[in-house]
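Topology and contacts: notes
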Amino acid sequence: MSDSPATVDLRSDTLTRPTEAMRRAMATAEVGDDVFGEDPTVNQLQERCAALLGKEAALFVPSGTMANLLAFLSQTHPGETIILHEDAHPYNYEAGNVAMVGGLLTRTLAGELGILDRDSIFPYVIRTSDHHFSETSVIALENTTNRGGGNIYPIETLRDIRALADENGIKVHCDGARLFNAVVETGHSAADFAQYCDTISFCFSKGLGAPVGSIIAGSADTINAAHRFRKMLGGGMRQAGFLAAAALHALDHHIDRLAEDHRRAREFRAGLEGLPGASFPMPSPTNIVLFDVKDVAAFMGKIQEQGVLMIPMGQRRIRAVFHLDIDDEGLIRAIEACKSAFGS
Ligand SMILES: Cc1ncc(COP(=O)(O)O)c(C=O)c1O
C-alpha cells in the first residue's frame, strides 16, 4: 500500500464521487420506467426543479450538453442563428452539436468575464423578412461562466437582455451548469435568475456532487418539445430514479455548502497572489480560479509531482476548480504545490 497522500484533483467539479449518504439515497430510491413517465423519483425531481426555477415544467436529462442541445432544438429551426459568447460551452466543448444536430449557425461575441450584455448583442440580432438572412432565434447565456472564471451575470444585465429578446421575438436560454454557485454567492434565488430566461438548465453532476444528470426547465410546450428530442437523441432513461435520487439528495444537502468551495477558491487565490510569475486575468467570485503562468506544461509537471492536478486553458492559463471532494488539507497542499512551482 502506498503512503503517498491522495491526489488533490482540481481539474473540474465534475470529478466528485457520491457521498455515502447520497449512495444510500440512490440505493433506496423508488423507481419505475421513466420513458413511460412512471418513475416517481424522476417525476418528483422534475416537479421540484420546475418550482425551484419558477417554470411550468422541467425535464431530467443525462448531461448538461444534452440540456443545452434540447434548449436549442426545441426553440429553433435549422438554418437559424443562435447568439453566444465566444467562450460559451456549447460553442467550445459540445463537439459542434448545434451545427451537426441542430443545423444552426452560431454568432459568437466577445465580452468581459464570459458575460454578454444588451449593447454587445443588439447589433447582431437579425429579425427580417429579407430572405438573404439567417434569423436569430435564441440568445444563449452561461451563468456562472466557465471560461469566464466562474463569474456571475448581474441580474440587471439579464433583465436588459430579456427586454431585447422580447422586442425582437427571440428566446433566451441560460446554461446554468453552475447556477447554484451564483445563487449561493449572490443570495438571489434560482427563480430570480430564471425569470429572464425562456429555458434554463443546471447540472447535478458539477458542484452539487451527483454522479449524473442535468435539468432543463421552461414552458410546458417547450419542455414537451424537449422531451421528444430527448427521446430522439437516445436520452430516455428507464429506471432513472436511482440518478434522480442522487439529484434530490444534492438539492437537500449540497447547495449551501457551495459557499465552502467559494471560500477555498478565495483562499487559494489569496495564497498565490503576489507570488512572482502569478497573475490573475479576472475575479474569482465562485469556485473557479483562473491564473496565468509563463510555461503551463512546466508548471503542471511540477504541481503533479506533488499530487496536485489542474487543467490547462490555453497557452498560459490554468484553471483550478474547488468542489465537494476538496477539503482544507487539499487546499493547503494545492497552495504549497503552486508556491513551489512558482519557485517561492
Ligand atoms: C458551463 C457548462 N455547460 C455545460 C456543460 C456540459 O455538461 P456535461 O458535461 O454534463 O455535458 C459543462 C461541463 O463542464 C459546463 O461547464
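See the structure above.
The sections below set out a description of the structure shown in this document. (Residues numbered from 1 in each chain as written. Predicted model: local features only at pLDDT ≥ 70, side-chain atom pairs only at ≥ 80, totals over all residues. Heavy atoms only, no water.)

It is worth spelling out the site of the ligand at this point. Inspection of the region around the ligand gives Ser63, Gly64, Thr65, Asn68, His89, Glu94, Glu142, Asn146, Asp175, Ala177, Arg178 and Lys206 as its neighbouring residues. At 2.8 Å, a backbone N or O of Gly64 approaches an oxygen atom of the ligand. Here an oxygen atom of the ligand and a side-chain polar atom of Lys206 are 2.9 Å apart. With the chains in place, 84% of the 390 Å² that the ligand exposes on its own is no longer accessible. The element that contributes the greatest number of residues to the shell around the ligand is helix α3 (residues 64–73), accounting for 3 residues. Taken together, the residues that form the shell around the ligand break down as 1 nonpolar, 6 polar and 5 charged. (Near = heavy atom within 4 Å. Polar contact = N/O pair within 3.5 Å; in protein donor to acceptor, adjacent residues only side chain to side chain. Areas by Shrake-Rupley, 256 points an atom, 1.4 Å probe, with all protein chains shown as cover. Helix = DSSP H or I, 4+ residues; strand = E, 2+ residues; numbered from the N terminus. Nonpolar A, V, L, I, M, F, W, Y, C, P; charged D, E, K, R; others polar.)

Below, the discussion takes up the side chain of Arg178. Following the sequence through the fold, Arg178 ends up in the loop between β6 (171–176) and α8 (179–186). In this structure Arg178 comes out as buried when scored by relative accessible area, which is 5%. When neighbours within four sequence positions are excluded, Arg178 is seen to be in contact with Asp13, Asn143, Thr144, Asn146, Lys206, Asn287 and Ile288. (Buried < 20%, exposed > 50% of the residue type's maximum accessible area, 1.4 Å probe, protein only. Contact = heavy atoms within 4.5 Å.)

This part is about the pattern of salt bridges. Following the criterion strictly, the structure yields 20 salt bridges and no others. In this structure, Asp252 engages Arg48 in a salt bridge whose closest nitrogen and oxygen atoms are separated by 2.8 Å. Of this pair, Asp252 sits in helix α11 (residues 241–253) while Arg48 sits in helix α2 (residues 40–53), placing them 204 residues apart in sequence. Of the residues examined, Arg48 reaches a relative accessible area of 30% and is grouped as partly exposed. Overlapping salt bridges, with partners in common, bring together Glu260, Arg263, Arg264, Glu267 and Asp328 in one network. (Salt bridge = Lys/Arg side-chain N within 4 Å of Asp/Glu carboxyl O.)

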